[in-house]
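Residue strings, one per chain:
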Amino acid sequence: MRKITVFAFCAAIASAASAVDVTAVNVKILDSFGGDSSQVLSRCQTKPGLAYDPATVSRDVNSLKDSGEYQDISAEAEYKDGGVVVTFGVFRKMRWQGPLAVQGNEALGLSKILDESGLKEGKLYGEAEFAEAAEKVRKAYRKKSHPRATVTPLVKALPGGNDCTLVFSVDEGPEMDVVGWSFDGAVPDRKWYKALDLFGSEDADSKLHESDLREVIGVYPWWDPRCWFGDEPGTAQELASAAEKVAAHYADQGYLDAVVNGPEPITDEDGGVIYVYTVSPGVRYTVGSVSIEGVKSRPVGEIESASDLPKVGDVAGAKALSDAAHSIEVAVGSGVLGLAESRVSVRTIPRDGETDVVDVVFSVTEGIPVVIDQIHVRGNDYTKDKVIRREITFDPGVRMLSDEAEKSKRKLENLDYFSRVRYYLRDNGRGKDETGAAYRELVYEVDEKNTGNFMAGVGAGSVDSIYFYTELQQANFDLFAPGKLFRGAGQKARAFAQAGPRIQTYEVSVTEPWLFDRQLELTVGAYRRQRWYDEYDIIRSGAEVSLAYPVKFWNPARMWNDRADPYVKFGSFGVRFSGEFIEFDDIEHGEWMYKGRTVSLKQEDREYGDAFEGVARLFWSRSTTDSNRRPTTGSRSNIHFDLAGGDNNYWRLGFSHRNYFTTWKRYRHVLMVSMRAETIDAFSDDVPIYNRMFLGGPKSIRGIEYRHVSPFARRYRNEELVNSYTPWGGQTLVCANMEYTVPIVRDWVAIAGFSDIGSVGADEFDFDLGDNFAWTVGLGLRIYIPQFPIRLDFATPVKKPDHADKEVFSFTIGYDF
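Below or above, wherever it landed, is the structure these notes cover. (Residues numbered from 1 in each chain as written. Predicted model: local features only at pLDDT ≥ 70, side-chain atom pairs only at ≥ 80, totals over all residues. Heavy atoms only, no water.)

**Examining unusual backbone geometry**
- The omega torsion across Gly98 and Pro99 is 0 degrees, close enough to zero to call that bond cis.
- Relative to the assigned elements, Pro99 resides in the loop between strand 5 (94-96) and strand 6 (101-103).
- Of note, the amide linkage connecting Gly262 to Pro263 takes the cis form, showing an omega dihedral of 15 degrees.
- Phi angles above zero are rare outside glycine, and Asp416 is one such case at about 65 degrees.
- Residue placement: Asp416 occurs in the loop between helix 13 (402-415) and strand 17 (418-432). (Helix = DSSP H or I, 4+ residues; strand = E, 2+ residues; numbered from the N terminus.)

**Structural notes on the side chain of Arg440**
- By the element assignment, Arg440 lies in strand 18 (residues 438-448).
- Since its relative accessible area comes to 11%, Arg440 is described here as buried.
- Polar contacts involving the side chain of Arg440 include one to the side chain of Glu341, which spans 2.9 Å.
- Dropping the residues within four chain positions of it, Arg440 is found in contact with Glu341, Ile368, Val370, Val371, Ile372, Asp373, Gln374, Leu425, Arg426 and Asp427. (Buried < 20%, exposed > 50% of the residue type's maximum accessible area, 1.4 Å probe, protein only. Polar contact = N/O pair within 3.5 Å; in protein donor to acceptor, adjacent residues only side chain to side chain. Contact = heavy atoms within 4.5 Å.)

**Some remarks on a nonpolar patch on the surface**
- The grouping of Phe573, Leu618, Phe641, Leu643, Leu653, Phe683, Phe765 and Phe767 at the surface amounts to a nonpolar patch, some 770 Å² of accessible area in total.
- With respect to the helices and strands, Phe767 occurs in the loop between strand 36 (749-761) and strand 37 (773-783).
- Judged by its relative accessible area of 46%, Phe767 is partly exposed. (Patch = residues over 30% accessible without salt bridge, like charges linked within 9 Å, V, L, I, M, F, W, Y side chains within 5 Å. Areas by Shrake-Rupley, 256 points an atom, 1.4 Å probe, with all protein chains shown as cover. Salt bridge = Lys/Arg side-chain N within 4 Å of Asp/Glu carboxyl O.)

**Topic: the sheet that holds strand 18**
- Read from one edge to the other, the open sheet built from 3 strands follows the order 16-18-17, with strand pairing classed as mixed. On the outer flanks of this sheet lie strand 16 (370-378) and strand 17, each paired with one strand and no other. With direction set aside, neighbouring strand axes in the sheet form an average angle of 20 degrees.
- Sheet topology note: the strand 16/strand 18 ladder contains 8 bridges and is parallel. By the bridge assignment, Ile372 is partnered in strand 18 with Arg440. (Pairing = 2+ DSSP bridges. Axes fitted to C-alpha atoms, helices over the stretch in contact; angles between N-to-C directions.)

**Observations concerning the pairing of strand 18**
- Burial analysis of strand 18 places 10 of its 11 residues in the buried class, the great majority of the element.
- Pairing of strand 17 with strand 18 involves 10 bridges; the strand directions are antiparallel. The residue of strand 18 that forms the bridge with Arg420 is Asp447.
- Where strand 17 folds back on strand 18, the antiparallel hairpin that results is connected by 5 residues, among which Gly436 adopts a positive phi of roughly 95 degrees.

**Observations regarding the sheet that holds strand 14 (residues 343-351)**
- Read across the sheet, 3 strands follow the order 13-15-14 without closing on themselves; strand pairing throughout is mixed. Two strands bound the open sheet, and with one partner strand each, they are strand 13 (286-293) and strand 14. Between one strand axis and the next, the sheet turns by 20 degrees as a mean value, whatever way the strands run.
- Here strand 13 pairs with strand 15 (residues 354-365) via 7 bridges, running parallel. Note on strand 15: the bridge partner recorded for Val290 is Val360.

**Remarks on the packing of helix 11 (residues 318-332) against helix 13**
- Their axes nearest at 7 Å, the elements helix 11 and helix 13 cross at an angle of 125 degrees. The orientation of helix 11 relative to helix 13 falls into the category oblique. Contact residues: His326, Glu329 and Val330 in helix 11; Ser402, Asp403 and Glu406 in helix 13.
- Partitioning the contact of helix 11 with helix 13 into residue classes produces 1 nonpolar, 2 polar and 3 charged. (Parallel < 35°, antiparallel > 145°, perpendicular 65-115°, else oblique. Nonpolar A, V, L, I, M, F, W, Y, C, P; charged D, E, K, R; others polar.)

**With respect to the packing of aromatic side chains**
- Applying the stated criterion across every chain, the model contains 18 aromatic pairs.
- Centroid distance Tyr594 to Trp728: 6.3 Å. Interplanar angle 40 degrees. Geometry classified as tilted. Of this pair, Tyr594 sits in strand 26 (residues 591-594) while Trp728 sits in the loop between strand 34 (720-727) and strand 35 (732-745), and the two are 134 residues apart along the sequence. Each of the two residues, Tyr594 as well as Trp728, counts as buried.
- For the cation-ring pair, Arg707 lies above Tyr533, with the distance from its terminal atom to the ring centre recorded as 3.9 Å. (Phe/Tyr/Trp six-rings, centres within 6.5 Å; stacked < 30°, edge-to-face > 60°. Lys NZ or Arg CZ within 6 Å of the ring centre and 35° of its normal.)

**Topic: the packing of helix 4 (residues 110-117) against helix 5 (residues 127-143)**
- Across the interface, helix 4 lies against helix 5 with an axial gap of 8 Å and an inter-helix angle of 125 degrees. Judged on the interaxial angle alone, helix 5 and helix 4 are oblique. For the pair helix 4 and helix 5, the sense of crossing is right-handed. Here Ile113, Glu116 and Ser117 of helix 4 come into contact with helix 5, specifically with Ala133, Lys136, Val137, Ala140 and Tyr141.
- Here the residues of the contact of helix 4 with helix 5 are counted per class, giving 5 nonpolar, 1 polar and 2 charged. (Left-handed = near helix turned anticlockwise from the far one by under 90°.)

**Description of the environment of Thr278**
- For Thr278, the location among the structural elements is in strand 12 (residues 273-280).
- Residues Thr278 and Pro350 lie 72 residues apart in sequence; the distance between their C-alpha atoms is 25 Å.
- Those residues in contact with Thr278 that sit more than four places away from it in its chain are Asp184, Val259, Val260 and Asn261.

So this is what it looks like as structure tokens:
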């Protein structure tokens, strides 16, 4: 009798599921504790007499996981005597009964070990959780200069239930202070002045300096933030694994015969330990020729053109050759004649008389045509199945095409929920369809990773001064799953607070990207923002909700391709509704002359203070950049139109576009060009000063004081005009920026040359290129500290408005301005 797990049902059961009932539900206790199986059944919706439904069984498995009582859960379905027998297998967690016993400890006391482990007497733990507790203790030993310490949890079950005792067996190893890591035979580290990479040039061994090898094994300098949150290799196994990583790194650079031995601990004169690895790199190979053999189903040239093959003269790196082999597998497995389960091996044949050249031969073992019978997802402990399945472009019953499987894999990777995504085919024994294609089950297996992020610290900028901030983000949020720590539904949540002498911001938002299981993005948020200007303060408190849907255009060129999507995506169209209460505070007294009339901030407060605005915005946005933080190619575009009602009635129209170009790929030079324009007008009265437009400062036109590209109001004192001016804002804005970035220290530091132009006109559609026009040029320094990028800019105006002040130096913290 054949058995199938819930993640791999055979097609016969799946096709008969709508016509058969569950005849029995059994529980298999996999642990040695015994116990009442009724506790398992009470949590399951699968019942005898009900129609068999694989989705219900999957939900039952998740329900058992959510209970927190089991460390291992499985489900099997067996088609028997016209019905389905479902069997749940469970391995219960153990309840730890103290006290904790420790063997072999000297450097750390019992109470310290218990505190570090985080274990609580009477709680349920699985084997993985006991191992995690032991790892916490091992890290504590590392801090006490015992890098080779090992901690082994020894669990003993007590008779009569699932209670257990726990003993930590400790081997502290020698006490040593690791002060350095060396690689004998590697390229010595460059002097600081040689490390400057002004043109991004790379010599043959630019990635094989000792500092590069230390990064490969996870050893970083003290000032690198990665050092603060990671651990260096310590145990014998970790040290051996480090040697393997270095050898693999050499192989990826073309040293296919590289051998790495060690490490040998060397004690320096101060008693510190330096780990020394011995590197024998061998010869760096280049590609002499490339050929593909074994392809029978179609012309080899067709596979070559569809694959990413190395070129003659390229470095014969192991990873590059492996990637090329995979691209051949995908090419053979795609198209009308796609053959799944194809395999490609790589042979490197040394050339006679040329010791550093190899001929590369890709040997193809062709697979077979495959039809997908079922699609299964494995490894998602808290991410919901539907979050993963909606990224998979396949449906059961279609041909297996490798390019589509790769596309789905990339979409899952782009979610950034998983540390690894892989897929494979599995034979379910159903046989073949009427065309001779074999039935297979397609399995996507994921390894989940931490998708939450918490940051707190101190920031600074030439506009915002010094401020404190804290931010909590969850990229895989679930508003209705407190038992899973609010994770797993693919939503995005963010809470942010910022407080300083010139700015205070409090924001919270939740985004559901698939509302009603459609690609309709809903965002709900609330905020309170206060900013101190020289003449007045503005406080905005409000809430907003937006809906966005992808824009698609029909492409007739794709209508004859059964596998291609006939629609081309072109950004997203949406609508946003917001309600906002706006207040003035700390207003400067006095009067000014603006556009031929007397104005004052007190008057602005009387007419427009304590105002409620309801704004409806229509928008279109599109992003094709390769990175959200540091783009090198692609563009970002936005068009919006606002209608506002309430105490202030106005309309606003604007657009922005930003393009990134990699001008010199080898040297990683990037050109950014952007343009922005916006105009506003009130239906009656005037536009309040807090809705008018300003330019100037580090995020618009560098080299000119913040908000000083603007129509100015002249001070009116004792019924006379005096030579004192204040920016009063305008109703039309246009701004363009160009920046060219060149790396000088790898991916850490870059210099930038830039030019900014822009103007603010006093009236609607007033593109003022005269009195209020500004043009600046400058140089900048970019320091890319993870989560804390710094932008330092030095600029000077070529042309500026008459009353605008220069600002030669400005700085901000952030990835883009």
